[in-house]
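# Close look at the chain arrangement
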Amino acid sequence: MKKLLISLAAFLTIVFGLGAVKTEAAPVKMSDGQLFDAVYYAQHNPDVVAAFGTDSNWLYLHYVVCGKAEGRLPYDPSYGGGTPASSSDGFNAAYYAARYPDVAAVFGTDPTLLKMHYDLCGKAEGRFPNPEAELATISGPVPVFTPAAVPGEAQQVLDLVNAERAKYGLAPLAWDAANLGPGAAIRAQEISTYFSHTRPDGSSCFTAVSNPGMLGENIAAGQRTPQEVMNTWMNSSGHRANILNARYTRLGVGYYYNPSAPYRFYWVQMFSS
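Calculation criteria
- Residues numbered from 1 in each chain as written.
- Predicted model: local features only at pLDDT ≥ 70, side-chain atom pairs only at ≥ 80, totals over all residues.
- Heavy atoms only, no water.
- Helix = DSSP H or I, 4+ residues; strand = E, 2+ residues; numbered from the N terminus.
- Buried < 20%, exposed > 50% of the residue type's maximum accessible area, 1.4 Å probe, protein only.
- Contact = heavy atoms within 4.5 Å.
- Areas by Shrake-Rupley, 256 points an atom, 1.4 Å probe, with all protein chains shown as cover.
- Polar contact = N/O pair within 3.5 Å; in protein donor to acceptor, adjacent residues only side chain to side chain.
- Pairing = 2+ DSSP bridges.
- Core = buried A, V, L, I, M, F, W, Y, C linked by side-chain atoms within 4.5 Å.
- Expected span 1.5 Å × (residues − 1).
- pLDDT = per-residue confidence, 0-100.
- Axes fitted to C-alpha atoms, helices over the stretch in contact; angles between N-to-C directions.
- Parallel < 35°, antiparallel > 145°, perpendicular 65-115°, else oblique.
- Left-handed = near helix turned anticlockwise from the far one by under 90°.
- Nonpolar A, V, L, I, M, F, W, Y, C, P; charged D, E, K, R; others polar.
- Phe/Tyr/Trp six-rings, centres within 6.5 Å; stacked < 30°, edge-to-face > 60°.

### Details of the overall build of the protein chain
The helix and strand inventory of the protein chain stands at twelve helices and six strands. In the protein chain, which comprises 273 residues, the share counted as buried stands at 49%. Counting contacts in the protein chain only where the partners sit at least 6 residues apart, residues at least 24 apart contribute 64% of the total. Total accessible area on the protein chain is roughly 12300 Å²; 58% of this is exposed by carbon and sulfur atoms.

Okay, structure coming up:
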């Protein structure tokens, strides 16, 4: 993998103007418009550090080539309190970028550009400026489930996955209530505090399940419904590849809601051959 990144380094330098990254607590704007905090990325991705070290340029290169598609965060999602990412009128740029990846794909994560988009377009389109505004529109209790049950949200995600697979002539995935389901539910709670494919104790995400064979994981945060999270995953090449992998035969889905966590809603898919 490191050789691959080396071969791509020159290309990315031309396209993104890759340069030195400041290692400071707050994210800095890169030449391609992306906000990135090398210190945060290193602290929350020890598997990346083990392979590439703590050099800020290598860390950002990993994020551009691999980390973004894997669902890794480029900076602390709580960034915004008292900084330009969260303005006096309640606009939260970090939330807006994570909640609307179609906007972030065009404007990056620059707080000024995101606020401009919200003022000129987003408000009229019904987009939310912060998580509190979005949560205020939810009527009734927010659905929450635990590893002990297989709720409707999990079945909806399974149905949506199989609908996508059917479009390509792929066999449907079977629900794994004994292993992948409970493991995915555990992982959904874990990513609410440590958004990574590495578990909070530093072990691989796959230690949450016990079945052998080929395994895969998709994670996401901020999407309120199964359809929203599926749209996010299907619009990401790495997550889409897991969903459409012909070798997978089983699926477990985890959903966790925590009103005090940065993105409130957390989703996990665990795949197995």
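### Structural notes on the side chain of S196
Here S196 lies in the loop between α10 (180-190) and β4 (215-221). In this structure the side chain of S196 is engaged in a polar contact, spanning 3.5 Å, whose partner is the backbone oxygen of H44. Residues contacting S196, with those up to four places away along its chain left out, are H44, N45, R72, R187, I191, E217 and I219.

### Details of the pairing of β4
In terms of residue burial, β4 counts as a mostly covered element, since six of its seven residues are buried. Bridge analysis of β4 against strand β6 (residues 265-272) gives seven bridges, and the strand direction is antiparallel. From the neighbouring strand, A221 faces β6, where its bridge partner is Y266.

### Things to note about the nonpolar core
Generally speaking, nonpolar side chains in soluble globular proteins are found buried as a group. Counting 21 residues, the largest nonpolar core has W233 and I243 as its most contacted members. When residues of this core are traced back to their parent elements, those giving at least two are α9 (152-167), α11 (226-234), β5 (250-257) and β6. Ranked by size, the runner-up nonpolar core spans 16 residues in total, among them Y40, L180, F195 and Y256.

### Points about α9
For α9, which comprises 16 residues, the first-to-last C-alpha distance of 23 Å matches the rise-based estimate of 22 Å (1.5 Å per residue) to within 8%. Within α9, the full set of buried residues consists of E153, A154, V157, L158, V161, N162, E164 and R165. Taken from the residues just after α9, G169 is the one with a positive phi, measuring 70 degrees.

### Notes on the confidence of the model for the protein chain
The predicted model of the protein chain averages 78 in pLDDT, with 77% of residues at 70 or higher. The weakest mean pLDDT in the protein chain belongs to helix α1 (residues 2-16) at 44; the strongest belongs to β4 at 94. Note that pLDDT drops below 50 for residues 5-25; the model gives that stretch 37 contacts with residues more than four away or on any other chain. The low-confidence segment residues 143-150 (pLDDT under 50) makes 18 contacts with residues lying over four places distant or belonging to another chain.

### Considerations on the pairing of β6
For a regular strand, side chains alternate in direction, first toward one face of the sheet and then toward the other. For β6, the buried fraction is high: eight of the eight residues fall into the buried class. Here β6 shows no split at all, with F265, W267, Q269 and F271 on one side and Y266, V268, M270 and S272 on the other all buried. Here β5 runs beside β6; their pairing, made up of eight bridges, is antiparallel. Its bridge partner being in β6, Y257 is matched across the sheet by F265.

### Observations regarding the packing of α9 against α11
Between α9 and α11, the shortest axis-to-axis distance is 9 Å and the interhelical angle comes to 40 degrees. As far as their axial angle goes, α11 and α9 are oblique. Read as a crossing pair, α9 and α11 show a hand that is right-handed. Of the residues in α11, those in contact with E153, Q156, V157, L160, V161 and E164 of α9 are P226, Q227, M230, W233 and M234. When its residues are assigned to classes, the contact of α9 with α11 shows seven nonpolar, two polar and two charged.

### Focus on the packing of aromatic side chains
Scanning all chains against the criterion turns up eight aromatic pairs. Taken together, a centroid distance of 6.5 Å and an interplanar angle of 15 degrees make the contact between F52 and W58 stacked. For F52, a relative accessible area of 10% puts it in the buried group. Since its relative accessible area comes to 22%, W58 is described here as partly exposed. Ring geometry for Y248 versus F271: centroids 5.2 Å apart, planes at 25 degrees, classification stacked. Here Y248 is found in the loop between α12 (237-243) and β5, whereas its partner F271 is found in strand β6, with 23 residues between them in sequence. Like Y248, the residue F271 is buried in the burial classification. Grouped by ring-pair contacts, the aromatic residues Y255, Y257, F265 and W267 constitute a single cluster.

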